[in-house]
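In case you want the letters, here they are:
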There are 2 protein chains.
Amino acid sequence: MSDEQGVLEVPARRIPVPRSVSPEAQAMLAAGRFVEEVDQPPVDDHDAWRAFIAEGEQSMAAVAARAEAYDVAVEEIDMDGVCVFVCTPGGVEAADPRRFLDIHGGGLVGGAGPLCRAMGIIAANRMRVQTWSVDYRMPPDHPYPTPLDDCVAAYQLMLEESRPADIVVGGESAGGNLAAALVLRARDEGLPLPAGVVLITPELDLTESGDSFQTNLGVDSVLVGSLLPSSRLYAGGHPLEDPYLSPLFGDFTKGFPPTLLTAGTRDLFLSNAVRMHRALRREGIEAHLHVKEAAPHSGFFGMAPEDAEIDEEIRAFAGSRWSSPG
Amino acid sequence: MSDEQGVLEVPARRIPVPRSVSPEAQAMLAAGRFVEEVDQPPVDDHDAWRAFIAEGEQSMAAVAARAEAYDVAVEEIDMDGVCVFVCTPGGVEAADPRRFLDIHGGGLVGGAGPLCRAMGIIAANRMRVQTWSVDYRMPPDHPYPTPLDDCVAAYQLMLEESRPADIVVGGESAGGNLAAALVLRARDEGLPLPAGVVLITPELDLTESGDSFQTNLGVDSVLVGSLLPSSRLYAGGHPLEDPYLSPLFGDFTKGFPPTLLTAGTRDLFLSNAVRMHRALRREGIEAHLHVKEAAPHSGFFGMAPEDAEIDEEIRAFAGSRWSSPG
């Protein structure tokens, strides 16, 4: 079949703000797209990438501000030059063995340093257990496999003092990519597997082969275009379809821990979550799919009751996986 | 907020056949829309409706042909003039107490008689237990509440010889509407509830308030426009938002059986399934969501491995609900 055969012509449309979501979510959707298009630099222009990443991180300042509101204590572990932020919510007892390993988002290029710390605090507040947030190195200076190596190293460090049955691993967006990839790596390297995996609106397919990359283009107000340039920058010449880069293409006949997946109906990554759910279920692996009505990528930035509701699902799932009681 | 405020302008797009589905599913998607638009008659023109329904049922002839291939024995029960097709797959033992009550689809206006029989055979083949398919009366002659009354009557008849723990109730599309509504009615009338509910790409919201009624318009190749005229014909003057007409708006604090829901990412009814899943989960009710990549309403007409995979999920779910072993 030629590429042109069967192309579906979808006319221009005017989509009203849906009545089917909370007022908070309606307000966010009514605000429209955050940017009209993304003009990612050429893969080889590292200076342009540094400027692009810095600009993107400025737009994430609201995330950092949100984290300040939470009662979470933060310590730092130096892991051979890579920082791990250890985020402990107020009220968690020192003897509580439950752990969440959070891999931050940011498109595989952004979210370092203070943003990694802030996302760790937000994850700790969500999970209500001690949460480690890995400040993994990133492109342009550190393309694959360094970011994944850093995440695997943090998991190994966590295993030194925690039982695997007390560990749940997860991440949002690009963090969902690295969380799933680290579990595949751990499995392939014979490490004990975590008790559960949480993949929040995850970037599991750097080749962007899923249908929602097309059907939700222009509909998702957060992700407004292809991320192929940054994905290629991240890959550093490795094939995008390698399961360590696109965990959706992993071999799940070899097993994978019970997994919770989320996405939104307007999410460019909807197909990622749906396809990963099916890939796991096809092999009889416990997997739970939760989809937010009308939500773009990343949901409603934690501002809507819809987000709180999914946080509750995530906590309940992790609670069912940790072997130690809360 | 005015209706115009926050309207999202989505430009025209050309969506290629996705590489992310099976060759069989790709072939179906490459065939494009079944019709370019649906011109439903005015609600009051009953003769025009009769012609419209007859035409629609002709296009469902392929369903009847598919049913012929299956080894399923069919008997008929006359329920005060309403027929129930009792469909028993070959190999099912007479003593097997497990039952599936199937409510057929057809837009709340079509699918009567031989099509009801065919859909019952297909459901029986999927479920692998004795399956009852209710030939409920429909508009224009029998608007709501007669169709739902007939479904409730069939459930009551089934309860006369079966334990509720041996019964799973379900339906596809409009059948999902009536299956969910009959469970709400049974609950409100103090009848024992079935062990589980299966809602396949269900029409749970006749008001069409879900976001996918907009975002997937022109993307779904099976449902290509609003069904409000036929829904109003069905409602017979009753408010569309009544939970017996739009079960999504039911009060689930009063309970509901464990439920499996399916939809497709291109499905006009995606929001129906997603919102019902959340409404049940919000009350802590066991509910499982399965979404088919790139699938329009009704999936791939049972022609693709993706359909077989979801059938397997449905069987596994029902198997976990029936109290008697297979």
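The structure this text deals with has already been given above.
Cut-offs and rules
- Residues numbered from 1 in each chain as written.
- Chains lettered and ligands numbered in written order.
- Predicted model: local features only at pLDDT ≥ 70, side-chain atom pairs only at ≥ 80, totals over all residues.
- Heavy atoms only, no water.
- Helix = DSSP H or I, 4+ residues; strand = E, 2+ residues; numbered from the N terminus.
- Rg over C-alpha atoms; globule rule 2.2 N^0.38 Å.
- Buried < 20%, exposed > 50% of the residue type's maximum accessible area, 1.4 Å probe, protein only.
- Areas by Shrake-Rupley, 256 points an atom, 1.4 Å probe, with all protein chains shown as cover.
- Salt bridge = Lys/Arg side-chain N within 4 Å of Asp/Glu carboxyl O.
- Pairing = 2+ DSSP bridges.
- Axes fitted to C-alpha atoms, helices over the stretch in contact; angles between N-to-C directions.
- Contact = heavy atoms within 4.5 Å.
- Buried area = accessible area lost by both parts, 1.4 Å probe.
- Polar contact = N/O pair within 3.5 Å; in protein donor to acceptor, adjacent residues only side chain to side chain.
- Nonpolar A, V, L, I, M, F, W, Y, C, P; charged D, E, K, R; others polar.

Engineer: In this structure, what is going on with the overall build of chain A? I would like to understand it.
Structural biologist: Check the secondary structure of chain A and you find ten helices and ten strands. The C-alpha atoms of chain A give a radius of gyration of 19 Å, which matches the 20 Å a tight globule of 326 residues would have. By principal-axis analysis of the C-alpha atoms, chain A measures approximately 60 × 45 × 45 Å. Here chain A, with 326 residues, has 61% of them falling under the buried criterion. With an accessible surface of roughly 12300 Å², chain A has 51% of that area assigned to carbon and sulfur atoms.

Engineer: Looking at this model, I keep getting lost on the pattern of salt bridges. Mind explaining?
Structural biologist: Inspection of every chain in the model, using the stated rule, returns 42 salt bridges over all chains. Note that Arg50(B) is salt-bridged to Asp47(B), the shortest N-O span being 3.0 Å. Of the two residues, Arg50(B) and Asp47(B) both sit in helix α2 (residues 46–59), three residues apart, roughly one turn of that helix. Look at Asp47(B) and you get exposed, because its relative accessible area is 58%. Connected through shared salt-bridge partners, Arg278(A), Arg281(A), Arg282(A), Glu309(B) and Glu313(B) make up one network.

Engineer: What should I look at first to understand the sheet that holds strand β8 (residues 196–200) of chain A in this one?
Structural biologist: Strands pair in a sheet through their backbones, by hydrogen bonds, and they do so in one of two ways: parallel or antiparallel. Residues and elements named next belong to chain A. With mixed pairing, the eight strands of this open sheet are ordered in space as β3-β4-β6-β5-β7-β8-β9-β10. Since the sheet does not close on itself, it has two edges, and those belong to β3 (72–79) and β10 (287–292), each with one partner. Between one strand and the next, the sheet's axes are offset by a mean angle of 20°, whatever the strand orientation. With respect to the sheet, helix α6 (residues 174–188) is in contact with β5 (99–103), β7 (167–172) and β8, its orientation differing from that of β7 by roughly 145°.

Engineer: Would you mind showing me how to read the interface of chain B and chain A here?
Structural biologist: Where interface size is given, it is often the accessible area lost as the parts come together that is meant. Taken residue by residue, the interface counts 52 residues in chain B and 52 residues in chain A. Roughly 4900 Å² is buried in total at the junction of chain B and chain A, and carbon and sulfur atoms are behind 49% of that figure. Three residues stand out in chain B for area buried against chain A, namely Leu8(B), Arg13(B) and Arg14(B), and they jointly supply 14% of the buried area on that side. There are twelve salt bridges connecting chain B and chain A. Across the pair Arg14(A) and Glu9(B) runs a salt bridge, and its minimum N-O distance is 3.0 Å. Where chain B touches chain A, the interface holds 30 residue pairs in polar contact (both at pLDDT 80 or more). Listing elements by their share of the side of chain B that touches chain A, those giving two or more residues are β1 (8–10), β2 (13–15), α1 (23–30), α7 (212–215), α9 (270–282), β10 (287–292) and α10 (305–321) of chain B. Take the side of chain B that touches chain A: its biggest share by element is eight residues, from α9(B). Partitioned by chemical class, the residues of the side of chain B that touches chain A number 20 nonpolar, 15 polar and 17 charged.

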